[in-house]
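# What the coordinates show
Chain residues, written in single-letter form:
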Amino acid sequence: MPAFSAPDGTQLAYHVVGEGEPLICLPGGPMRASAYLGDLGGVSKRRRLIMLDLRGTGDSAVPADPATYRCDRQVEDVEALRRHLGLERADFLAHSAAGDLALLYAARHPERVRSLVLVTARARAIGIDFTAEHRREAMDLRAAEPWYAMARRAGDAVWAGTAAEADWDAMAPFQYGRWDAAARAHAAAEAEQSNEEAGDVYASAGAFEPAVTRAAVIALEVPVLILAGELDGGPRPRVARAVAEWFPRAEVAVQAGTGHYPWVDDPTAFARTVLAFLDEGIGRGGRKRPR
């Protein structure tokens, strides 16, 4: 298992899957071990996935200072990985809560980013996030599902702040486009892969300065793909489009019939979209920057 030292001396592990040019993959959760990314629906067939276990997760060591779990404090972990790999510039993929980490990294080290893929990603780093109403809107899309009534009660409790532990498990079907065997197995692994203490610190006070990060990403002249799940509540596709407006060269792909883990729901479509972007870039003009 390859590893390297973070700037504070914490030993961080990463996992390599596949062949081809490297793609640095940042896992969400927040603070979930990178194993849940799998082979990203087959992206590994043409890209070498470098999947970082964030500090205190997976095979990475627990840091001496728990305050370093905060998202902005982990930016230099990502930079240390890039240097360890010997890459002048790198392609990055970030999922879910790692969207914030990728945005902060791109703002601090723009010259090291060749392209950026944000998959059902949060963007609190630039002041955009989903809301409980977005979650409820997405839940309503699943009203015909046989599991809907029980999962909806659990989801309402979660977003009202009154949830018991069992409610978090009961609402898991909303995270997937199909609640089939693959989705159940993927969801069942979450608890053992997650560092809840670290997750509580990840987005704590001081982690984000949205105005500063927005000013940086407006000037980020690299291709960006923002991939949303049609059925996902965090973010909804329109929120993903709002995030795209902050980049000079961004495109949005909404993957039909998928939730928060689109490579689990439809691996073929996910790999096709991501690989087409990585192979070709956007090269089709850019979005007008907000004034």
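Residues numbered from 1 in each chain as written. Predicted model: local features only at pLDDT ≥ 70, side-chain atom pairs only at ≥ 80, totals over all residues. Heavy atoms only, no water.

### Quick look at the overall build of the protein chain
Note the threshold: Secondary structure elements follow DSSP: runs of H or I no shorter than four residues count as helices, runs of E no shorter than two count as strands, and numbering proceeds from the N terminus. As defined in this context, the radius of gyration uses C-alpha atoms, and a globule is described by 2.2 Å times the residue total to the power 0.38. Burial here depends on accessible area, computed with a 1.4 Å probe over protein chains only, as a share of the maximum for the residue type. Under 20% is buried, over 50% is exposed, and the range in between is partly exposed. It only takes one pair of heavy atoms within 4.5 Å for two residues to be counted as in contact.
The secondary structure content of the protein chain amounts to 12 helices and 8 strands. In terms of C-alpha radius of gyration, the protein chain reaches 18 Å, essentially the compact-globule figure of 19 Å for 291 residues. Based on the C-alpha atoms only, the size of the protein chain along its principal axes is roughly 50 × 45 × 40 Å. Each of the 291 residues in the protein chain was classed as buried or not, and the buried ones make up 54%. Across the protein chain, the fraction of contacts at a sequence separation of at least 24, relative to all contacts at a separation of at least 6, is 74%.

### Some points on the nonpolar core
The condition that has to hold: Buried residues of nine kinds, namely Ala, Val, Leu, Ile, Met, Phe, Trp, Tyr and Cys, make up a nonpolar core once their side-chain atoms join them within 4.5 Å.
Counting residues in hydrophobic clusters, the biggest one holds 53 residues, and the most contacted among them are Leu26, Leu118 and Phe247. Ranked by residues supplied to this core, first place goes to helix 2 (residues 98-108) with 7 residues. The next biggest cluster of nonpolar side chains, apart from the first, holds 27 residues, and it includes Val119, Ala172, Ala253 and Leu275.

### Focus on the environment of Ala163
Among the secondary structure elements, Ala163 is positioned in the loop between helix 4 (148-160) and helix 5 (165-170). Exposure remark for Ala163: the relative accessible area of 30% places this residue in the partly exposed category. Spatially, the C-alpha atoms of Ala163 and Arg153 are 9.7 Å apart, while their sequence positions differ by 10 residues.

### Here we look at the confidence of the model for the protein chain
Keep this limit in mind: A score from 0 to 100, pLDDT tells how confident the predictor is in each residue.
Per-residue confidence for the protein chain gives a mean pLDDT of 95, with 96% of residues at or over 70. Taken together, the stretch residues 282-291 has pLDDT below 50 and engages in 24 contacts with residues farther than four places along the chain or on a different chain.

### Observations regarding the packing of helix 1 (residues 75-85) against helix 2
So the rule is basically this: In this analysis, axes come from line fits to C-alpha atoms, helices being fitted only over the stretch in contact, and the angle between any two N-to-C directions falls in the range 0 to 180 degrees. Here the angle decides the label: under 35 degrees means roughly parallel, over 145 means roughly antiparallel, 65 to 115 means roughly perpendicular, and every other value means oblique. A clockwise turn of the near helix away from the far one marks a right-handed crossing, whereas an anticlockwise turn of less than a right angle marks a left-handed crossing. Throughout, the ten residues Ala, Val, Leu, Ile, Met, Phe, Trp, Tyr, Cys and Pro are labelled nonpolar, Asp, Glu, Lys and Arg are labelled charged, and all others, Gly among them, are labelled polar.
At their nearest, the axes of helix 1 and helix 2 sit 9 Å apart, and the two run at 70° to each other. Considered as vectors, helix 1 and helix 2 are oriented roughly perpendicular to each other. Considering only the axes of helix 1 and helix 2, their crossing is right-handed. Of the residues in helix 2, those in contact with Val75, Glu76, Val78, Glu79 and Arg82 of helix 1 are Leu101, Leu104, Tyr105 and Arg108. For the contact of helix 1 with helix 2, a count of residues per class yields 5 nonpolar, no polar and 4 charged.

### Re the sheet that holds strand 3 (residues 21-26)
Operational definition: A pair of strands is labelled paired if DSSP reports no fewer than 2 bridges between them.
Taking strand neighbours across the sheet as the criterion, the 8 strands line up as 1-2-4-3-5-6-7-8 in an open arrangement whose pairing is mixed. Two strands close off the open sheet at either side, each with one partner strand: strand 1 (3-5) and strand 8 (250-255). Direction aside, neighbouring strands of the sheet carry axes that sit 25° apart on average. Alignment of strand 1 against strand 2 (residues 11-17), held across 3 bridges, turns out to be antiparallel.

### Quick look at the pattern of salt bridges
In plain terms, the rule: When a carboxyl oxygen of Asp or Glu is within 4 Å of a side-chain nitrogen of Lys or Arg, the pair counts as a salt bridge.
Counted under the stated rule, the structure contains 23 salt bridges. For Glu137, the salt bridge identified is with Arg238, shortest N-O distance 2.8 Å. You can see Glu137 sitting in helix 3 (residues 132-140) and its partner Arg238 sitting in helix 10 (residues 237-244), a full 101 residues away along the chain. Residues joined in a network through salt bridges with shared partners are Glu133, Arg136, Asp140, Arg152 and Asp156.

### Describing the environment of Arg142
One can find Arg142 in the loop between helix 3 and helix 4. Using a relative accessible area of 3% as the deciding quantity, one classes Arg142 as buried. It is 18 Å that separates the C-alpha atoms of Arg142 and Thr120, two residues lying 22 residues apart in sequence. Apart from residues no more than four positions distant in its own chain, Arg142 is found in contact with Trp147, Tyr148, Pro173, Phe174, Tyr176, Gly177, Arg178 and Leu231.

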